[in-house]
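# Summary of the model geometry
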Amino acid sequence: MDEVSVQQLLQLLGNSDHTSCLPFPSLLFALLFFLIHSPHPMGKSNLSFVWFVMRMAGLRVPSFTKVKNFKMPDFVSPTRCLSPQGLPFYYRSISSVISQCLGTPKLASSLIRFPVESTTTYTEIYHGKRWNSEPRFAAPMVSIAGVLHVFVKDCVTFLHPQLGPTRGIIDKIYHRKDLGTEVLVKVDTLLDANQFKFMVPNSCLFYLPDSTLILYEQITVVSSAIVCVQEKPLDVVRWNRVTDSFQRFSPDECASYLATHPLKAKAAGRKVVMLPLILFADDTSGNKSKKWHKFESWYLLLAGLPRHMNAKVENIHFLCSSDSMSALDMANPIADELILLEGSGLEVYDALHNEHVLVIAPILLFIADNPMASLLLNHLGGSAIKYCRICMADRDESPDIISAIRTLQDSLQQMVVISSQRTQQLKDQHRTLYGVREDSNPLLHIPGDAYRCFPLELLHTLLLGPVKYFLIEVMATFSKAQKEEILARMKAFNFSGFHVKVHGNVCYHHKSFVGRDYKAWSQMALFIISPYLTEGQQKVLLALSKVFRIAYCDFFDPAEADTLHQICVGFVHTVRDFMPSLLRKQKVHYFLHLVESMQDYGPTSAFSAERYICTSVCVCV
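In this text, all values refer to a predicted model and were calculated from it rather than measured experimentally. (Residues numbered from 1 in each chain as written. Predicted model: local features only at pLDDT ≥ 70, side-chain atom pairs only at ≥ 80, totals over all residues. Heavy atoms only, no water.)

### Looking at the overall build of the protein chain
Secondary structure assignment for the protein chain yields 23 helices and 19 strands. Principal-axis analysis of the C-alpha atoms places the extent of the protein chain at approximately 90 × 80 × 60 Å. If you take every contact in the protein chain between residues at least 6 apart in sequence, the share linking residues at least 24 apart comes to 66%. Carbon and sulfur atoms make up 56% of the accessible area of the protein chain, which totals about 29,900 Å². Distance between charge centres in the protein chain, computed from 60 positive and 56 negative side chains, equals 7 Å. (Helix = DSSP H or I, 4+ residues; strand = E, 2+ residues; numbered from the N terminus. Contact = heavy atoms within 4.5 Å. Areas by Shrake-Rupley, 256 points an atom, 1.4 Å probe, with all protein chains shown as cover. Lys, Arg positive; Asp, Glu negative; His and termini not counted. Charge placed at Lys NZ, Arg CZ, Asp CG, Glu CD.)

Structure (C-alpha cells):
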C-alpha cells in the first residue's frame, strides 16, 4: 500500500459521519469492535499496541473500555427455557430479531409493508393469495406525507376523479405489482344527495333524510388523493345497482361497517407496520456416518423481503437448537411470542421512518420437510393409513384422489375424541382413523389455521422422492454394458447450458446422492437414459419432467392453475399405470397439492427448504 492509499484510508477512518455503520457511531468504532470480539481475539497487550499506532497516526480513537463494553441497541441476550420434559435450551426471541432488522436501514427500506396484488404472475411470496386475501395480513394503515395516519375503516375525504372532494370508508391498503411502490387505497364512496344525483341522474331521493350518505361503489385511488380524516357518518344506506333501489343496513351490519379499526386505539398515534413471519424448522442428519449429532433447530425469516435477500445467510435468523429434544419440545416460547406479536404487537425503532412504530407480526407459513411438518401438526406421518397431512387421503384409496382438506378445527375435535377413549386400544384405533395424535402442541393454539401454514416442500417431496425412487428403480434394470454407455454419454454431454453438473458415478453411487445431485440429474435425464428405458418408464420420466418444470419455475401464473393441476394429476395417473412400485412411498400423492401451495405462496422457490438447509449445517460446525 503506497503513501497516498494510507492517507485515503486514514481520512476515511477519521470521518465520524458514517450512517451506514449504524448502530455504531463510526466506521472506526465498528472495526475496532469487530477486532476485539472476533472469533480469534488478540491479547490485551496487542490490542493496546493497535490503539497506540492509531493515535500516533492522528486518529481520534475511542477508549478501549468504551469499545469493549459497547452494547447493541435493543439487543436481548438469549433466554434460558425449559422443555416440557424439563430439559434446558437457550432461545433467541423473535422480538429481538424484528428489532434488529427494522433498526438496520438496508433491511428496513427493503421490506414490503403492504400486500402486493399481481394481475399477471406471482414471483414473490407476498404476491400469493394468502397474504392478499386473509384479513390477518392486511395492512392496517398508511402514513400520508409522514403526518396523516389513515387506518382501514376510517372515514376520509378524498379527491374523486369525477366528483372532486368526496367522503369514503377505507377498505384496503395495498401495492400493485405493475405500479411499483405506489400505495393504493380501495375506498367505499359515500355520496350525499347532490353527488348521487350527478352519478345516477334519474334517481329519486325524496324520502331520504339530508344527513343520510349513500354507499355507492368501491373505487381505487392513490393514497395521496386522501385529504383528511372525517368523523364517521351516523346514517348510511347501500345503493343496489341491480334493483335500482336503496337497502338499509341491519343494526349489527351498520355497527360492524362503521366500527373503528382495533389497532387505531392501540397505536396511540404511532405508525403501524404489518410484518408477516416465516419460521423454518429442520434437523441435521443423525446418520452414524456423519461427524455430528442430530440437532433440531428453529430459524426465522421476514416474509416481506424479496427472494434474493431472504436467500442470504445473514437474513436467516437462528432462534434455538438442541441435540436432546425435538423442534416441537422447543416450540412453547415460540408459540407464546407469536400470540403476543399478533395480538398486542411490539414497539420498535424503524430506521425507514426514523421513529418508533408498532409492529404486528403474524405467522405466514412454516417451512419444514414432510416428517417435521407432520410432527409439528400432530400428524402420524407418511407411514400412517391417513398418510397425507394436507387432506384425509387413505392408503386404501387411489392416490389421485384429494379427500377432505384437513383443518385445525376438525383436527382439534378429533384429538378430543381420541383423548376421551377409555382404553389404549380404542385410542390407537381412532388415531389410525383420523391420522393424528392427541399430544399437547402449542403450535395448534397460535392465531390462524396451522394446517394452512405448511406448504408443499420440494426438496424431500420431489428430489428425494419420485426423482430418487425412479433413478434407483431404473438403474437396477440396466446391464453393466448399458451403465458403461450411460457413463460415456454423460462424459460427452455438454454442460454449458446448465448451472450445475452431476458429480460422482451416477450408475453406482446414485443412492448416496443429495438433493442438488438429483436436481442436476433431473435436468439432463431425458437426454442421457431415454434410449435404455421401456415405453412405460419413458412416459413416467416425461410426466416427471413436466412436474419438475412446474415446481422449479421462477414464476406462477394463476390463470394457468387448472392446467398445471391437470399436469400433476396426469403424473400421478402415469405412475399408477406404468410404475406402481413408486406408489409404495406416499410422496407421489402430495403433488396433487402442489398448485394449491403455489396459489397461496407464489413460486416454490419462495418457500423451498433448499435455500435454507445450508444454515442448519452451520449449527453443527
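### As for the nonpolar core
In terms of nonpolar packing, the biggest core is built from 62 residues, with Val-506, Trp-521, Ile-529, Phe-571 and Leu-594 touching the most fellow members. Residue assignment for this core shows that the elements contributing at least two residues are helix H16 (458-475), helix H17 (480-492), helix H18 (506-509), helix H19 (515-528), helix H20 (535-551), helix H21 (561-578) and helix H22 (594-601). It is H16 that contributes the most residues to this core, 10 residues altogether. Leaving out residues up to four positions away in the same chain, Ile-529 has contacts with Phe-470, Val-474, Ile-486, Trp-521 and Leu-541. (Core = buried A, V, L, I, M, F, W, Y, C linked by side-chain atoms within 4.5 Å. Buried < 20%, exposed > 50% of the residue type's maximum accessible area, 1.4 Å probe, protein only.)

### Here we look at a nonpolar patch on the surface
A cluster of nonpolar side chains, Phe-49, Phe-52, Val-53 and Met-56, forms an exposed patch at the surface whose accessible area comes to about 450 Å². Note on placement: Phe-52 falls in helix H3 (residues 44-56). (Patch = residues over 30% accessible without salt bridge, like charges linked within 9 Å, V, L, I, M, F, W, Y side chains within 5 Å. Salt bridge = Lys/Arg side-chain N within 4 Å of Asp/Glu carboxyl O.)

### A word on the pattern of salt bridges
As enumerated under the stated definition, the model contains 22 salt bridges in all. A salt bridge links Arg-248 to Asp-235; the shortest N-O distance between them is 3.0 Å. Residue Arg-248 is located in strand E12 (residues 245-248), and its partner Asp-235 is located in the loop between strand E10 (226-230) and strand E11 (236-240); the two are separated by 13 residues in the primary sequence. Look at Asp-235 and you get partly exposed, because its relative accessible area is 21%.

### Some remarks on unusual backbone geometry
A positive phi angle, close to 60 degrees, is found at Ala-145, a residue other than glycine. Inspection of the secondary structure puts Ala-145 in the loop between strand E4 (141-144) and strand E5 (148-151). Phi angles above zero are rare outside glycine, and Asn-354 is one such case at about 60 degrees. Here Asn-354 is to be found in the loop between strand E17 (346-350) and strand E18 (355-360). Take Asn-354: its relative accessible area is 56%, and that puts it in the exposed class.

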